[in-house]
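Summary of structural features
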Amino acid sequence: MSALSKWVESVVLRAVGPEKFGRLEYRLKPSRRASWGGPMNGQAGRLRICRDIMSALSPTAIVETGTFRGTTTEFFAQFTVPVYSVEAEPRFHYFAACRFGESSRVHLTLGDSRSFLSRLAADPTVPKHNVFFYLDAHWNADLPLAQEITTIFANWQQAVIMVDDFAVPGDSYAYDDYGPGAALNAEYLDRLNRTDMHRFYPSLRAAEESGAKRGCIVLCNDTHVRERLAGLSSLRLGDTQS
Ligand SMILES: C[S@@+](CC[C@H](N)C(=O)[O-])C[C@H]1O[C@@H](n2cnc3c(N)ncnc32)[C@H](O)[C@@H]1O
């Protein structure tokens, strides 16, 4: 996008406000519905990991943090279980709200991922067993990840967590690094001081992956789930601590 188009958009955003802007953007800029090159950053290998997990574990619900424009949310909606997703930026939340309209399966929330997960944990209508979490609400140094993981393992049984933008040891996948103590890597997880957390990484080398080649990690804290994930050829078991 040119500097002039960006300036025009920022003027319109200020003039009409984020809700109207998000709705206008959805209608007038359909190409933005495929943000990041498609679901899961346009990565075929990552989509395969997800599909493998879905067929091995048949989760009862899917929870995403960081809806953005709903591209990956739409991929999740095909699995015919409830999908809960949260977005902090009103402009993106309302874009995604247009995308899913009156869908009874996709539940979108505008807010912070940490309070959102606490609210889901307290909501008796939200499944608390065998839920798949996709954590992608990292955008700046205010990293919600540690609190997200802690809340999930404290409130859900047999949870599986996939974290996007995570460093894959010994491989060249891209990952988020917001400075000292705020890089999405194994050391970040070590600081949670959990002895019950099992870590899996993609088996596929970054060189063979498509799309943006962002790394990921898959976590669980249940031995039955660990055995199921260990049986997937798209994942390899990592060390419990780095
Ligand atoms: C990388 S994008 C998510 C992409 C999306 N999951 C997809 O696959 O298309 C990250 C999003 O997280 C949102 N975000 C950042 N911090 C957040 C927080 N604490 N709670 C909720 N959303 C947050 C950002 O506004 C941004 O839209």
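What comes next is a walk through the structure.

What counts, and where the lines are drawn
Residues numbered from 1 in each chain as written. Predicted model: local features only at pLDDT ≥ 70, side-chain atom pairs only at ≥ 80, totals over all residues. Heavy atoms only, no water. Pairing = 2+ DSSP bridges. Helix = DSSP H or I, 4+ residues; strand = E, 2+ residues; numbered from the N terminus. Axes fitted to C-alpha atoms, helices over the stretch in contact; angles between N-to-C directions. Core = buried A, V, L, I, M, F, W, Y, C linked by side-chain atoms within 4.5 Å. Buried < 20%, exposed > 50% of the residue type's maximum accessible area, 1.4 Å probe, protein only. Near = heavy atom within 4 Å. Polar contact = N/O pair within 3.5 Å; in protein donor to acceptor, adjacent residues only side chain to side chain. Areas by Shrake-Rupley, 256 points an atom, 1.4 Å probe, with all protein chains shown as cover. Nonpolar A, V, L, I, M, F, W, Y, C, P; charged D, E, K, R; others polar. Expected span 1.5 Å × (residues − 1). Arc of directions from axis to C-beta. Contact = heavy atoms within 4.5 Å.

Looking at the sheet that holds strand β1 (residues 61-65)
Strand order in the open sheet formed by eight strands is β3-β2-β1-β4-β5-β7-β6-β8, and the pairing between neighbours is mixed. Edge strands, defined here as strands with exactly one partner in the open sheet, are β3 (106-110) and β8 (235-237). In this sheet, neighbouring strand axes are inclined to one another by 20° on average, regardless of whether the strands run parallel or antiparallel. Two strands pair when backbone bridges link them, and strand β4 (residues 131-135) and strand β5 (residues 160-164) are joined in this way by four bridges, in the parallel orientation. Paired with L135 across the bridge in β5 is V163.

A short note on the nonpolar core
With 34 residues, the main nonpolar core has F133, I149, W156, I161, V163 and L219 as its most contacted residues. With 29 residues, the next largest nonpolar core counts I62, V83, C216 and V225 among its residues.

As for the site of the ligand
Surveying the vicinity of the ligand reveals 19 residues, the closest of which are G66, T72, E87, D112 and D136. Between T72 and the ligand, the recorded distance is 2.5 Å, taken from a side-chain N or O atom to an oxygen atom. Backbone polar atom of A137 to a nitrogen atom of the ligand: 3.4 Å apart, as the coordinates give it. Out of a free accessible area of 600 Å², the ligand has 95% covered by protein chains. Of all the elements in the fold, those that place two or more residues in the shell around the ligand are α5 (71-77) and α7 (113-122). Its residues placed into classes, the shell around the ligand shows seven nonpolar, six polar and six charged.

Section: the pairing of β4
Counting buried positions along β4 gives five out of five residues, so the element sits mostly inside the fold. Residue alternation in β4 divides its side chains into two sets, V131, F133 and L135 and F132 and Y134, and both sets are buried. Here β1 pairs with β4 via five bridges, running parallel. Bridge assignment links A61 to a residue of β4, and that residue is V131.

Quick word on helix α4 (residues 44-57)
When the terminal C-alpha atoms of α4 are compared, their 20 Å separation across 14 residues agrees well with the 20 Å that a helix rising 1.5 Å per residue should span. Along α4, 10 of the 14 residues are buried, which leaves the element largely enclosed by surrounding structure. Those residues of α4 that sit buried are G45, R46, L47, I49, C50, D52, I53, M54, A56 and L57. Positive phi appears at S58, one or two residues downstream of α4, with a value of about 40°.

Thoughts on helix α2 (residues 18-28)
Those residues of α2 not exposed but buried are F21, G22, E25 and Y26. Along the axis of α2, the buried residues cluster in a sector spanning 135°; they form a single face. Opposite the packed face of α2, turned more than 90 degrees from it, sit the exposed residues K20, R27 and L28. Buried residues along α2 sit against α1 (3-16) and α6 (90-100).

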